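Architecture and fold: a report
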Amino acid sequence: MKKFLTFLFISAFAVVLFATGTVLLSAEENDEAPTDRKVVVHYHRWDGDYEGRTIWTWGNGSNGSSDSVSLSGESSFGGTFDIYVDDDADAEAGLILRYGEGWGDGKNDRDGLLDPENPDGDTPNKGIVLRDENGDFVGFDDNGVKHVFVYEGMGSEIIYQDEMFGPMLEDHGTLTIVFYDTDDYTETPEWDIWTWGSGAFVSGDHDMGVPLDTVLGVDGQVADMAMFRVAHIPIAADADDNVGIIFRTAGAWGEVQTNDLDIDVTDIKGEGFKTVFFGLEQQFDDFAQLEAFAMPASIENATAIDPQSALVEFNKGIAVREGEEILFDASWFTLEDKDGNPVAIDSISFTQGVASVDEFMLQFDAENSLNSAAAPYTVTFQSDPEDEETRTSFEIDINTTPPTIRIMGSQSVSLLLGDSYSLATFTATELIGEESRPLYDVRVKEGFGYLSTKEAGVYEIVIEAIDTFGNVAEETITITVEDPCDPEAHLGGNARVQTVIYGAISSVSLILAGAFVALRRNRGGQ
Amino acid sequence: MKKLLIVSLLFLFSVTLVACNREEEPEECVNDAALGQEYFFDQDQQETVTITVWLDNEEYANALIEAFEAANPGIRVRFEEVGSVDVRQRLELYQGSSAAADVVVFPHDHIGAALNSNLLHDISGSFADDLRERMILSATETASACYDFDQNSVIDCDTPGAERSLFGAPLSGESVALFYNKALLEDLTGSAEPATSFEQIIADFEEYKTILEEDYGDLMIALDVGNAYDMHFLATAFGFQLFGEDGQNPDEANLDSDEMIAALTYMQDVLVPALNGYSSGDLDGESNRSLFEQGKLPYIIDGPWSITRYVDAEVDFGVTGIPTIDGQQPVTFSGVQMAAVYSGTNQPAAAFRFLEFMTSDEGLDILYATTNRLPALEDLSGLEAIASDLYLQGISEQLNYSQPMPIIREMGFFWDNAGAMYGQVWNGTRTPKEAAEEAQAGFDGAR
């Protein structure tokens, strides 16, 4: 019996040892599970492609996750990443949503919007709140799990499940509505959604709408330019088959609202996730369509730089290459003169080595150079000949405003015979589009540059400027050379004659006046 | 008779009046017509050509152009302020139009892309020889390439008949160097002279650790560990070559090479303890600069951009080359600003004259005086003002042991992968080999 007990004891000890060893070994081998507490990051991409995506994280404590974390799976929201959080974690964990394993230039390697204060800097990091102001962990459920959600194209914000209108609430499906206001929110900055039929707490006859409180944009956009808003409507198990919604100004029945819109939610009653896209009342199949609607490419400005080049500027980047494949096609651009005659474009230049550009320079040979007689010209861009929606045009005027000449000093100068003279400095500017720029083709006009201080007279020096488009301006500097011994000498021969005649007439008038007075007195005396 | 008398009197009076006027003039006037000149302003005006330059500093541009135009009255220079990093892309867009610049300045790492876009005029003849002789060798080499002028493309220099041509004139350069607090060193070691080797810095740390911790901070030297630009010196001291010998082979990032692993091992085994076990997060650039600024740090690896800050803080400091590691002189990255003539210029003679002036001693003096940038000259003794600037002399000392940052596109994938690698090894979260392999994999994945 004693042996048996000893055997049992040893066996039990061995089993415990083995089990403990196994646990310790597992803990050591399983780098991804050093603690029980974790944050599950749900990441929704519009292309649904999560392969190879990673996140980079820090601040999760000694045995918490750090650096690169791979995709752990997919939820109905999107790809998921598990971040393990240790007891000594910071108040906030850092998060970078990376496109792959490696690093690029701080922009092309990660998702997010640029900082408006530093648009040339890296795409800003995101932060996940782990602790509240008292230092206690916050938002973790009984199992030590916390869910956070991020859409592609969000700024540095994070969506938390514990938010009232967060996605994937317990026992509810999630209807996500991505909304674009055609006024770019400039007129109506705050919108929400009035909804009914969802069976959830947001249904009913009260004034509280579902806020469009998540803001997102497109890759490379600056955060304060983000143009899309997102709302999450919880869909209960007993929801109607169709949920009704109205987009309206926030909080009340304001001036702006859409008609009733129905959305089929039969597939997400009680669970699941579904996204719909609206540009005001117009519904789109996917985010790409909504983005094209919200931000169609259009020519914002076109300027003739000189007779053989015109700069065309777009409101957004036009894709010109994809990887090594060149997408750009010169036939995208056409130019017509004012009579509708086509003008041949010799070549088109743009910035190289980038995926998209928003400026193109059209160049013309001498035979097709731009001139004011044929203006205005119309430049047209159409990237898809089958799709009129991609067509955009802009009128190009040719500058006919003469250049501006500025003369530093008086334009009316008096000299005496024998004086020396230095011609005043002069400069000129021309208009290119609306921009004034220095013009260096400014000089003394041929045949109008003579001055002599040997001879009294009035001399005119003409300054002439010719701008890029051949517009001419003239300014005159008048120089009077006087003879100190003959104040009228500079007036020339004719002027002298007029002065003598004037003097003679004056003398005769005086004599006649005297004679008249004498005669009257004489008569008076008689 | 009475009538006749009155009329005669009046006539006489009027004649007298006129006569009186005429009599005064000859007494006061002097006719200097003989001293006069004839002017033919339309015929005598100088024929001028106009060139456009894109520079990133208005004060520099104005001073440079004023001096240039005074010496070259036939050339007018139009200045447009364009950031040097934007120059290449702007020139690609504007090439062929009258708005394109004739002379531009851009960072050296843009030269490859600029050549691929056929933007640069080659520099030849005695001017090219002069640049090669006077400017930092590695900089002129970076600005050189073998080029097929018929096809307008860069070609392999092994191609039969290929010759290296110079396409850019090095203008200014910068590199990190060793900054040292003279007063602190004097107090600590009895000498204000800086260490010439890392071994000496570490030995001094061991010897004066107590005094250092009591009176200053607890660091002898600070490194911005997560910054692959600053940390490059460490890797090169162990023979690491980024992108191969000529820095142009994207298949030879060599992040997982034996040389890099040796450097990381030295860092982990020697430098981490010598920096009192601080984590890489604590040793960020700003924290380090702040310590040096407060006079609590004997040594820091830093660049010319910090000189003004330390001068303003009245730190008694000097600048010198990076100390050796095991007898090897570390090589740092350098950044060089290149000036070049646009290949499509309509005024090549005037444009090259301007380029020559920019790189002349007079032009470089103006550069230094207006921007405080360090001219990329091999020998600065010809420039009086810089010769007395001991800080920039120290940077220049290291610049001669520097390599311009590689110009290939893949350089953009190096920074963060290498920075993370240094940080992971420093913090001990990866072994040198693991971190090196991870960095290489990250770099490969990003390409």
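Bear in mind the structure is a predicted one, so any value in this text is a computation, not a measurement.

What counts, and where the lines are drawn
Residues numbered from 1 in each chain as written. Chains lettered and ligands numbered in written order. Predicted model: local features only at pLDDT ≥ 70, side-chain atom pairs only at ≥ 80, totals over all residues. Helix = DSSP H or I, 4+ residues; strand = E, 2+ residues; numbered from the N terminus. Buried ≥ 20, exposed ≤ 12 C-beta atoms within 10 Å, placed from the backbone. Contact = placed C-beta atoms within 7 Å. Core = buried A, V, L, I, M, F, W, Y, C linked by C-beta atoms within 7 Å. Nonpolar A, V, L, I, M, F, W, Y, C, P; charged D, E, K, R; others polar. Pairing = 2+ DSSP bridges.

**Quick word on the overall build of chain B**
When helices and strands are counted, chain B shows 19 helices and 14 strands. The burial tally for chain B puts 45% of its 447 residues in the buried class. Taking all contacts inside chain B whose residues are at least 6 apart in sequence as the whole, residues at least 24 apart take part in 73%.

**Some remarks on the nonpolar core**
Core analysis: the largest hydrophobic core is formed by 147 residues, its most contacted members being A:Ala310, B:Val103, B:Val104, B:Met338 and B:Phe354. Excluding its chain neighbours within four sequence positions, the residues that come into contact with B:Val103 are B:Ile51, B:Val53, B:Ala339, B:Val341, B:Ala351, B:Phe354 and B:Leu355. Of all hydrophobic cores here, the second largest spans 57 residues; its members include A:Phe81, A:Val85, A:Leu97 and A:Ala200.

**As for the interface of chain A and chain B**
If you look at the interface, chain A gives 54 residues, while chain B gives 48 residues. Looking at the side of chain A that touches chain B, the elements with two or more residues in it are strand S19 (299-306), strand S24 (347-349), strand S25 (356-363), strand S32 (442-444), strand S33 (450-452) and helix H3 (493-525) of chain A. With seven residues, H3(A) is the largest single contributor of residues to the side of chain A that touches chain B. Across the side of chain A that touches chain B, the residue classes break down as 21 nonpolar, 21 polar and twelve charged. Two elements, S33(A) and strand S1 (residues 38-40) of chain B, share three bridges in a ladder whose sense is antiparallel. Within S1(B), the position partnered with A:Ser452 by the bridge is B:Glu38.

**Focus on the pairing of S25(A)**
Residue and element names in this part refer to chain A. Note that strand S20 (residues 309-319) and S25 share seven bridges and pair antiparallel. Each bridged residue has a counterpart across the sheet, and for Ile318 the counterpart in S25 is Val357. Inspection of the sheet shows S24 paired to S25 by three bridges, in the antiparallel sense. Its bridge partner lying in S25, Ser347 is registered against Gln363. The hairpin formed by S24 and S25 contains six residues between the paired strands, and Gly353 there has a positive phi angle of roughly 80 degrees.

**Describing unusual backbone geometry**
Peptide bonds are trans in most cases, and residues, glycine excluded, mostly fall at negative phi. Here A:Ala375 and A:Pro376 are connected by a cis peptide whose omega angle stands at 0 degrees. Inspection of the secondary structure assignment puts A:Pro376 in the loop between S25 and strand S26 (377-382). Notably, A:Asp67 is not glycine yet its phi reads approximately 65 degrees, a positive angle. Residue position: A:Asp67 is located in strand S3 (residues 67-70). Positive phi is not limited to glycine here, since B:Asn152 has a value of about 55 degrees. For B:Asn152, the position within the fold is in the loop between strand S5 (144-148) and strand S6 (153-154).

Taken by themselves, the reported measurements are silent on function.
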